[in-house]
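Reading the structure
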Amino acid sequence: MGFSKLTETKVLLKQYFKDIISIEEGGEQRLIIDLQSKDITSMINHLKDFMDFKHLSMISCVDWPEENKFEIVYILTSYSKNIVLMLKTKIDRKNPKLQSIMSLWPQAVTYEIELNEMFGVFFEGNDRMGEEFILEDWDDIPPMRRDFDSLEYANKNFKFRDERKDKKIIREFISEHYDEWRKK
Amino acid sequence: MDDLKRPTLDSDFTCDMAFNKITKWAQKNSLWLLAYGTGCGAIELSPTMTSRYDWSRLGIRGSATPRQADLLLITGYLSTKTLKRVIRSYEQMQDPKYVIGFGSCTINGGMYYDSYNTIKQLDLYIPVDVYINGCMPRPEAVLSGLAYLKDKIGDKKADGWIKYKQNFEWYRENQKKILKSFNGDNMPDKYNW
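Residues numbered from 1 in each chain as written. Chains lettered and ligands numbered in written order. Predicted model: local features only at pLDDT ≥ 70, side-chain atom pairs only at ≥ 80, totals over all residues. Heavy atoms only, no water.

1. As for the side chain of D63(A)
Residue and element names in this part refer to chain A.
- Following the sequence through the fold, D63 ends up in strand β3 (residues 55-64).
- At 2.7 Å, the side chain of D63 forms a polar contact with the side chain of R93.
- Beyond its immediate chain neighbours, meaning those up to four positions away, D63 contacts K69, F70, R93, F119, R145 and R146. (Helix = DSSP H or I, 4+ residues; strand = E, 2+ residues; numbered from the N terminus. Polar contact = N/O pair within 3.5 Å; in protein donor to acceptor, adjacent residues only side chain to side chain. Contact = heavy atoms within 4.5 Å.)

Pasting the structure below:
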């Protein structure tokens, strides 16, 4: 009688890393692991080298201004075990810093530049940090933070077209005449 | 020979006018379009160009570089990053050149009215000859817009490129409000053709 691969991974990870905050199953063949930010690099290193999680699906970020935290989310996949693994860690929102994982996966650089631009998270060890990725000439706070007001920014920077001079509401006009036009 | 009837020429019908007529006829029946889609609207161009709606009937085809193109379609939303490239492509196109604003986003922002990185009015930055309304406009609407542009060229009313040169500083000022680093090697300050 053997354990399933999911349970096996869960037990092994619990043995190796005593400081894990929580580890739970998030559905079929999915694990959600919550851990402290200081453990994240060693955890990913271990997962890639010894537990066959070779594929980095993505790195993402969630903003929690109420708790004053950013939550960085890594999603790794193992093809041999057929498990999708979600690693979450919370870092301080005022001084968001984390170790880069570009030495493990070169493609992580792109995700990290994007997070730097959209949330202002700084990844130590990434030599392309601070590069312009999507936004050019940006001079406001990073736009994906929840305290950034997009409509206010648009009103300040862009000019909207004036109203119609005859004040006609074109949608009502069309819906009134639609049946007439159809009969033609 | 004397029996043959010759067409009588009007007194003000000059060689210049005849040449003008021929060039207008040629220009409006051979619109080459820059194959450059800025937003989601480019998806409506594939049914328009292929066999069902077939825009080759109107003498329209794609061209690979801005130097060969007559027509620039701004298909849908235009982000500020793309605006830089659009201005550059537009200025490289040869005269005469025409612009079509395609979809609601180019008219007043459309569903991206509160977005921080899309422009809200296209005609502040480059001159627009024809707007096609809709989100997205169907191929019928696109063809109708293109036919309207052809009529406009025939009537010599599609003069956006002349307006751009005459009001060049006004356009540049508007562009600089959005593109803050608008000089240097990346973006020449002068008209760049």
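2. Let's talk about unusual backbone geometry
- Here the amide bond leading from D95(B) into P96(B) is cis, since omega sits at -10 degrees, within 30 degrees of zero.
- As for its position among the elements, P96(B) is in the loop between α3 (80-92) and β4 (98-102).
- Between C135(B) and M136(B) the backbone carries a cis peptide bond, its omega angle lying at -10 degrees.
- If you trace the backbone, M136(B) turns up in the loop between β5 (130-132) and α5 (139-154).
- Within the chain, K167(A) stands out as a residue other than glycine whose phi angle is a positive 60 degrees.
- Among the structural elements, K167(A) can be located in the loop between α4 (150-157) and α5 (170-183).
- The phi torsion at D54(B) lies on the positive side, around 50 degrees, for a residue other than glycine.
- As for its placement among the helices and strands, D54(B) is situated in the loop between α2 (45-49) and β2 (61-63).
- Residue classification places D54(B) among the partly exposed positions, given a relative accessible area of 25%. (Buried < 20%, exposed > 50% of the residue type's maximum accessible area, 1.4 Å probe, protein only.)

3. Brief notes about the interface of chain B and chain A
- Facing the 23 residues of chain B at the interface are 20 residues of chain A.
- Between chain B and chain A, a total of about 1,800 Å² is buried, with carbon and sulfur atoms accounting for 52% of that surface.
- A per-residue breakdown of the area chain B buries against chain A is headed by K81(B), Y116(B) and K180(B), which together make up 39% of the total.
- Taken together, the connections running from chain B to chain A amount to 4 salt bridges.
- Between K180(B) and D139(A) there is a salt bridge, with the nearest N and O atoms lying 3.5 Å from each other.
- The tally of links from chain B across to chain A stands at 11 residue pairs in polar contact (both at pLDDT 80 or more).
- Of all the elements in the fold, those that place two or more residues in the side of chain B that touches chain A are α3 and α4 (104-108) of chain B.
- Considering each element in turn, the side of chain B that touches chain A owes the most residues, 4 residues, to α3(B).
- Partitioning the side of chain B that touches chain A into residue classes produces 9 nonpolar, 7 polar and 7 charged. (Buried area = accessible area lost by both parts, 1.4 Å probe. Salt bridge = Lys/Arg side-chain N within 4 Å of Asp/Glu carboxyl O. Nonpolar A, V, L, I, M, F, W, Y, C, P; charged D, E, K, R; others polar.)

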